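Architecture and fold: a report
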Amino acid sequence: MKMKKYVVKDIKEALEQIKKDLGEDAIILSTRSVRKGGFLGIGAKRYLEVTAVCEDKDQERKESNEVYRLQELLVKNREKRQEEELKELKQMIQEMKQMLGMQRMNDLPQNLQKLLKGMQAQEIEQTVASKIIEYLRISYGDVNLDDSLRQRLAEHLAAFMKTEVPNLEGAVLFTGPTGVGKTTTLAKLAARLKIVEKKQVAILTLDTYRIAATDQLKTYATIMDIPMRIAYTPKEAKIELDAMRSFDVVLIDTAGRSQNNDMQMSELKALFDVIQPDLAFLVISMNSRFSDLKDVLERFQAARHTHLILTKMDETRTFGHLINASLLGGIPLAFITNGQRVPEDIVEANAKDIAYLLSKEVLRIAQSS
């Protein structure tokens, strides 16, 4: 609040000065008559002393901003607390389901118990495993753990899978956690597009955090004679994309992001909003834990991915993520990588082939238990 005193000839003069200095919202607190001038009071003239006040707009705005920030902080804390409570509730429900599942498992015929153990060992999502086992129990009572079961099991597993290989055109974005092999996967698809499909291909990278990643991509680009550009911000990426409209496809590499870093997730969403890619691949490693897979799929929903790519299949013998990823993520699986060779070690996702491989591993474990 601002306060100011005026010594004037009359109230009219006071109002003019108050309006000029403090604005039309000012309020007069007091007025009194005072004498000024002269010598020892002789010849002094009478004046009007007026005290006025007004709200300090800058201070008010500052206080308002502080209140807003406090409210925003309280909302964030409440949302975080609610999120933590929801996670705890989900964990409790999951534990209860597991307890009930164990009880039901003990009631199953012996071979179905072994088959369920095989599915659990392959980390197939619990709901999927339970539905298939229950169907087999109702239909057959028990099963023989022989090759004839493999085909039936594969058919049931395929029913839960969602695969789709899109036509790679326009701006194609690659994102995912750190260390999943985005850059190598991008290079494999770049070679496929240029050598096999004879398309005009360009590469754009925003992965400027790791010098090694940029150098690696430059090497691939040079070998394949593919032009490559570097962008440091989403706006620069948009400018580069506009300049490369003549190409059939532009593959866009990004830095790895942690799903636990809220700022990085916000940056990813902002990148999507600016460049608006035609296709967006979320790249996830096959050797990640089931809980981490769920977390990545949930947190990376901040961006609007269209397809999944699973990498490093050659580094694991647990293949449940081939069915879990698309089921939990709600988007189709497009490609699977199974080695470091460029461009050989990448295959299109096919539900029947995946289901057959998965059923083979499940049956192998069941037979050995």
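So, here is what we can say about the structure in this document. (Residues numbered from 1 in each chain as written. Predicted model: local features only at pLDDT ≥ 70, side-chain atom pairs only at ≥ 80, totals over all residues. Heavy atoms only, no water.)

Counting residues in hydrophobic clusters, the biggest one holds 61 residues, and the most contacted among them are Leu 115, Leu 157, Leu 204, Ile 252 and Leu 322. The element contributing the most residues to this core is helix H12 (residues 351-368), with seven residues. What Leu 115 contacts, discounting residues up to four positions off in sequence, is Ile 133, Leu 136, Leu 149, Leu 153, Val 362 and Ala 366. Judged by nonpolar contacts, the second largest core, of 27 residues, contains Val 180, Leu 217, Leu 279 and Phe 335. (Core = buried A, V, L, I, M, F, W, Y, C linked by side-chain atoms within 4.5 Å. Buried < 20%, exposed > 50% of the residue type's maximum accessible area, 1.4 Å probe, protein only. Helix = DSSP H or I, 4+ residues; strand = E, 2+ residues; numbered from the N terminus. Contact = heavy atoms within 4.5 Å.)

Bringing the sheet that holds strand S10 (residues 333-337) into the picture now. Taken together, eight strands build an open sheet; the order of strands is S6-S5-S7-S4-S8-S9-S10-S11 and the sheet is mixed. Each end of this open sheet is capped by a strand with a single partner; those strands are strand S6 (228-230) and strand S11 (346-348). Across this sheet, the average inter-strand angle for adjacent strands is 25°, counted without regard to direction. Note: strand S8 (residues 279-285) against strand S9 (residues 307-311), five bridges, orientation parallel. Residue Val 283 lies in a different strand from S9, and its bridge partner there is Ile 309. Sheet strands in contact with helix H6 (residues 182-196) are strand S4 (170-175), strand S5 (201-205), strand S7 (249-253), S8, S9, S10 and S11, and its direction is about 170° off that of S7. This element, helix H11 (residues 321-329), spans S8, S9 and S10 of the sheet and lies at about 155° to S9. (Pairing = 2+ DSSP bridges. Axes fitted to C-alpha atoms, helices over the stretch in contact; angles between N-to-C directions.)

Once that is clear, we can look at the packing of aromatic side chains. Inspection of the entire model under this criterion finds two aromatic pairs. Measuring from ring centre to ring centre gives 5.4 Å for Phe 174 and Phe 281, while their planes differ by 40°; the resulting arrangement is tilted. Of the two residues, Phe 174 is situated in strand S4 and Phe 281 in strand S8; the sequence distance between them amounts to 107 residues. Given a relative accessible area of 0%, Phe 174 falls into the buried group. You can call Phe 281 buried: its relative accessible area is 0%. The interplanar angle of 65° and the centroid separation of 6.1 Å between the aromatic rings of Phe 281 and Phe 335 together place this pair among those described as edge-to-face. Of this pair, Phe 281 sits in strand S8 while Phe 335 sits in strand S10, and the two are 54 residues apart along the sequence. Residue Phe 281 shares its accessibility class with Phe 335, and that shared class is buried. (Phe/Tyr/Trp six-rings, centres within 6.5 Å; stacked < 30°, edge-to-face > 60°.)

Before going further, it helps to examine the pairing of S4. Of all the six residues making up S4, five are buried; the element is thus mostly covered by neighbouring parts of the structure. In terms of strand pairing, S4 meets S7 through four bridges, oriented parallel. If you follow Leu 173 over to S7, its bridge partner there is Ile 252. As defined by bridge partners, S4 adjoins S8 across four bridges and the pair is classed as parallel.

Axis separation between helix H5 (residues 147-158) and H12 bottoms out at 8 Å; the angle between their running directions is 130°. Judged by the inter-axis angle, H5 sits oblique to H12. Our pair here, H5 against H12, has a crossing hand that is right-handed. Across the interface between the two elements, Asp 147, Leu 149, Arg 150, Gln 151, Leu 153, Ala 154, Leu 157 and Ala 158 from H5 touch Ala 351, Ala 355, Tyr 356, Leu 358, Ser 359, Lys 360, Val 362 and Leu 363 from H12. Here the contact of H5 with H12 is composed, by residue class, of 11 nonpolar, two polar and three charged. (Parallel < 35°, antiparallel > 145°, perpendicular 65-115°, else oblique. Left-handed = near helix turned anticlockwise from the far one by under 90°. Nonpolar A, V, L, I, M, F, W, Y, C, P; charged D, E, K, R; others polar.)

Let us look at the sheet that holds strand S2 (residues 27-36). Strand order in the open sheet made by the three strands is S1-S3-S2, with antiparallel pairing throughout. Both edges of this open sheet fall to strand S1 (2-8) and S2, since each of them pairs with a single strand only. Going from strand to strand, the sheet's axes swing by 20° on average, the running direction of each strand aside. In terms of strand pairing, S2 meets strand S3 (residues 45-54) through nine bridges, oriented antiparallel. Among the inter-strand pairings, Thr 31 is bridged to a residue of S3, identified as Val 50. In the packing of helix H1 (residues 11-22) onto the sheet, contacts are made with S1, S2 and S3, and the angle to S1 comes to roughly 150°.

Axis angle and axis distance: for two packed helices, these are the angle between their axes and the distance between the axes, and together they describe the pair. Put simply, helix H4 (residues 126-140) and H5 touch, their axes get as near as 11 Å, and they point 135° apart. Of the possible angle classes, the one that applies to H4 and H5 is oblique. Every pair of crossing elements has a handedness; the one defined by H4 and H5 is right-handed. Two secondary-structure elements touch here, H4 through Ile 132, Tyr 135, Leu 136 and Tyr 140 and H5 through Arg 152, Leu 153, His 156 and Leu 157. Taken together, the residues that form the contact of H4 with H5 break down as six nonpolar, one polar and one charged.

Bringing the side chain of Asp 253 into the picture now. Note on placement: Asp 253 falls in strand S7. The buried charged residue Asp 253 lacks any salt bridge, with Lys 182 as its nearest oppositely charged partner at 5.6 Å. For Asp 253, the side chain forms a polar contact with the side chain of Thr 183, separated by 2.8 Å. (Lys, Arg positive; Asp, Glu negative; His and termini not counted. Salt bridge = Lys/Arg side-chain N within 4 Å of Asp/Glu carboxyl O. Polar contact = N/O pair within 3.5 Å; in protein donor to acceptor, adjacent residues only side chain to side chain.)

Moving on, we come to helix H8 (residues 234-243). Of the positions making up H8, those classed as buried are Ala 237, Glu 240 and Leu 241. Projected down its long axis, H8 carries its buried residues within an arc of 100°, all on one side. The exposed set on the far side of H8, more than 90 degrees from its buried face, consists of Lys 235, Ile 239 and Ala 243. On the buried face of H8, the contacting elements are S4, S5, S6, S7 and helix H9 (262-275). (Arc of directions from axis to C-beta.)

Spatial relationships are all this shows, so hold off on functional conclusions.
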